[in-house]
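Okay, here's what each chain looks like letter by letter:
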Amino acid sequence: METEKLILDGKQVAASIKEKLAKRISRLSEVGIVPCLATILVGEDPSSATYVRMKGNACRKLGIQSVRLDLPSSTTTAELIAEIKKLNDDPNIHGILLQHPVPHHIDEREAFEAIRIEKDVDGVTTLGFAQNAFGFADYPSCTPAAILAIMEYYKIPLEGKHAVVIGRSPILGKPVSAMLLNNNATVTTCHSKTKNLADIVRLGDIVVAAVGKPKFVQSGWIKPGAIVLDAGYNEGNLGDVDYDACSQNAYAITPVPAGVGPVTIAILLKHTVDAAEKYAKRR
């Protein structure tokens, strides 16, 4: 008899996170604080504009203030950093998100580093990365945190499991590897130079796909009973995993869309509320 597949419903996980946030936002309003997220969009990339709009809408629905800063594609690194510093100095702004990628002539890393750690709710600074690696980051990168939140919501144990992460970006592959390791999983991080990739992925009790290529992970790569978390989002609403094929072997799998994506946004909102609460205690 075929075992019933568990669909890891990101919308359900996100709704649970937002429900808890609503109560916290209400308590902050009693002391005159409205959590506020500032988003910065440089240039006119349509995908980035869509992401920023989605984040703004999610803020407003929950009662979080959203401040959007649109800068022309001609903006220099120095000009962008100057705008970030203004947001750093504004006590009414609790979180700052620089939408990436930025235009090629901008030093993205230098811009990220300009965000103060207490407002780095997207987990993009090197200090935030280091804190996450050591296991005490206030605001780990949102997509890795979303992956862990899904696992926690569905009570999927990590301890002693072999997790295979496909991807090594500084805001997804590397931080999620560290977070899984900190939760006592044994972690193998794969990348474009990994040899015999399919054979390695086939060893994974947990597989995290974060490679940015549509339907990259094939059914034969997934061992029976594995947990598959697809952190990819590609044109045509396609993930990094061949969902229909891989779900035949997987015990549990995230769909795309409605998987990791909604939880990533919910985590961003949570981090913004966390930052507002910390500000309330400091003032």
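Because the structure is predicted, anything quoted here is derived from the model rather than measured.

Of the regular secondary structure elements, the protein holds ten helices and nine strands. Its C-alpha atoms give the protein a radius of gyration of 19 Å, within 12% of the compact-globule value 19 Å for 283 residues. Buried positions account for 49% of the 283 residues belonging to the protein. In the protein, the share of contacts with a sequence separation of at least 24, taken over all contacts with a separation of at least 6, comes to 72%. Split by element, the accessible area of the protein, about 13600 Å² in all, is 52% carbon and sulfur. Across the protein, 32 positive and 31 negative side-chain charges occur, with their mean positions spaced 3 Å apart.

The next point concerns the sheet that holds strand 4 (residues 95–98). Here three strands make up an open sheet; going across it, the order is 3-2-4 and the pairing parallel. Two strands close off the open sheet at either side, each with one partner strand: strand 3 (65–71) and strand 4. Pairs of neighbouring strands in the sheet enclose a mean axial angle of 20 degrees, with direction left out of account. Here helix 2 (residues 46–62) sits on the sheet in contact with strand 2 (36–42), strand 3 and strand 4, set at roughly 160 degrees to strand 3.

Applying the stated criterion across every chain yields a total of three aromatic pairs. Summarising the aromatic geometry, the rings of Tyr153 and Tyr154 are spaced 5.1 Å apart at their centres and angled 75 degrees between planes, so their arrangement reads as edge-to-face. Residue class for Tyr153 comes out partly exposed when judged on its relative accessible area of 31%. For Tyr154, a relative accessible area of 18% gives the class buried.

Take the nonpolar core next. Within the largest apolar cluster, 51 residues are counted, with the highest numbers of intra-cluster contacts made by Ile147, Leu180 and Leu229. Listed by contribution, the elements that provide at least two residues to this core are helix 1 (10–29), helix 2, helix 6 (142–153), strand 5 (162–166), helix 7 (173–182), strand 7 (206–209), strand 8 (227–230) and helix 10 (260–282). At ten residues, the largest contribution of residues to this core is made by helix 10. Cys36, Ile40, Ile84 and Ala111 belong to the second largest nonpolar core, which has 19 residues in total.

About the cut-offs
- Residues numbered from 1 in each chain as written.
- Predicted model: local features only at pLDDT ≥ 70, side-chain atom pairs only at ≥ 80, totals over all residues.
- Heavy atoms only, no water.
- Helix = DSSP H or I, 4+ residues; strand = E, 2+ residues; numbered from the N terminus.
- Rg over C-alpha atoms; globule rule 2.2 N^0.38 Å.
- Buried < 20%, exposed > 50% of the residue type's maximum accessible area, 1.4 Å probe, protein only.
- Contact = heavy atoms within 4.5 Å.
- Areas by Shrake-Rupley, 256 points an atom, 1.4 Å probe, with all protein chains shown as cover.
- Lys, Arg positive; Asp, Glu negative; His and termini not counted.
- Charge placed at Lys NZ, Arg CZ, Asp CG, Glu CD.
- Pairing = 2+ DSSP bridges.
- Axes fitted to C-alpha atoms, helices over the stretch in contact; angles between N-to-C directions.
- Phe/Tyr/Trp six-rings, centres within 6.5 Å; stacked < 30°, edge-to-face > 60°.
- Core = buried A, V, L, I, M, F, W, Y, C linked by side-chain atoms within 4.5 Å.

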